[in-house]
Structures are given as C-alpha cells and as structure tokens.
Amino acid sequence: MKRDKQIPLTETVYYILLSLMEPAHGYLILQKIEELSDGQVRMAAGTLYGAIENLLKLKFIQPVESGDSRRKVYQITDKGKDILQLDAERMKHMIRITEDAFKNERGS
C-alpha cells in the first residue's frame, strides 16, 4: 500500500480533525482538543486558524452553516476522515510492533 504524502499528521492536525467529527467553531475546537488530549495539547488561536486554512485547502474540513453569523463553523470531510483513519492505523501498527519488541526482549 502506498503511503499518503499527508501522513503522518502532526499531533495538532490529528486533534483538530478528531475534534471536527461534529461541527464546531474555533473556540469549541480549542476546548475539544484540550479535552481529547487530557490537557496535553493546548493550542493558540493563531496556530489553530493557520491550521484550519491549510485543512480547508486540503479539503480535509469544510465550513458548514451555523445559526451564528459571527462564528465560522467547520466539520471534517470524508477525505479528512479517510486520512485520520489512515494515520490511526499507522499508529496502531507502530504500537503493536513496539509492544511485540518489548515482549520479545523480556522473553529473552
């Protein structure tokens, strides 16, 4: 299987995509990222909006209608879900082979 050039995702992009499984505006995205990461990832608004612009260009996210004209709301696209799933599978593989390596080392 040929690897997508967008993989691996950065940690912040991974969390942004994951946080947009449901529509959200910028401040809510920041809150979700902090919650999903158990407080390990805190992002500045400027960093978030730069990433959002890039994700829009890549078509990983899209703007969606909201009842509040003051806030832009975004949601992950099917393409974004696919890339998120690919990166999750990549990380699962890495974890599996690392765990196997440690098991083999203890067994020696």
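Let me begin by describing the structure that accompanies this report.

What follows is about the overall build of the protein. Across its full length, the protein holds four helices and three strands. Element order for the protein, N to C, with α for helix and β for strand: α-β-α-α-β-β-α. Over its C-alpha trace the protein gives a radius of gyration of 16 Å, far above what one expects of a compact globule, namely 13 Å for 108 residues. Along the first, second and third principal axes, the C-alpha set of the protein runs to 65 × 30 × 20 Å. Within the protein, the fraction of its 108 residues that count as buried is 32%.

Okay, the nonpolar core next. In this structure, L9, I16, L17, L20 and I29 are the most contacted members of the largest nonpolar core, which totals 25 residues. Those elements giving two or more residues to this core turn out to be helix 1 (11–19), helix 2 (26–36), helix 3 (45–57), strand 3 (73–76) and helix 4 (78–107). If one sorts the elements of this core by residue count, helix 1 sits on top with five residues. The contact partners of I29, leaving out residues within four places of it in the chain, are S19, L20, A24, L48, I52 and Y74.

Further remarks concern the sheet that holds strand 2 (residues 61–64). Strand order in the open sheet formed by three strands is 1-3-2, with antiparallel pairing between adjacent strands. Of all strands in the sheet, those with a lone pairing partner are strand 1 (24–25) and strand 2, marking the two edges. Of the strand pairs in this sheet, strand 2 and strand 3 are connected by four bridges, and their pairing is antiparallel. Across the sheet, the residue bridging to Q62 is Q75, located in strand 3. Of the strands in this sheet, strand 2 and strand 3 are in contact with helix 3, which crosses strand 2 at around 100°.

A few words on helix 3. In this model helix 3 runs 19 Å from its N-terminal to its C-terminal C-alpha over 13 residues, within 8% of the 18 Å that 1.5 Å per residue would give. Every buried residue belonging to helix 3 is among L48, A51, I52 and L55, and all of these are buried. For helix 3, the arc enclosing every buried residue in end-on projection is 110°, short of the 170-degree limit, so these residues lie on one face. The exposed set on the far side of helix 3, more than 90 degrees from its buried face, consists of G46 and K57. Contacts made by the buried residues of helix 3 are with helix 1, helix 2, strand 2 and strand 3. One or two residues past the end of helix 3 sits K59, with phi positive at roughly 65°.

About the thresholds
- Residues numbered from 1 in each chain as written.
- Predicted model: local features only at pLDDT ≥ 70, side-chain atom pairs only at ≥ 80, totals over all residues.
- Heavy atoms only, no water.
- Helix = DSSP H or I, 4+ residues; strand = E, 2+ residues; numbered from the N terminus.
- Rg over C-alpha atoms; globule rule 2.2 N^0.38 Å.
- Buried < 20%, exposed > 50% of the residue type's maximum accessible area, 1.4 Å probe, protein only.
- Core = buried A, V, L, I, M, F, W, Y, C linked by side-chain atoms within 4.5 Å.
- Contact = heavy atoms within 4.5 Å.
- Pairing = 2+ DSSP bridges.
- Axes fitted to C-alpha atoms, helices over the stretch in contact; angles between N-to-C directions.
- Expected span 1.5 Å × (residues − 1).
- Arc of directions from axis to C-beta.

Such coordinate-based values are descriptive only and should not be taken to indicate function.
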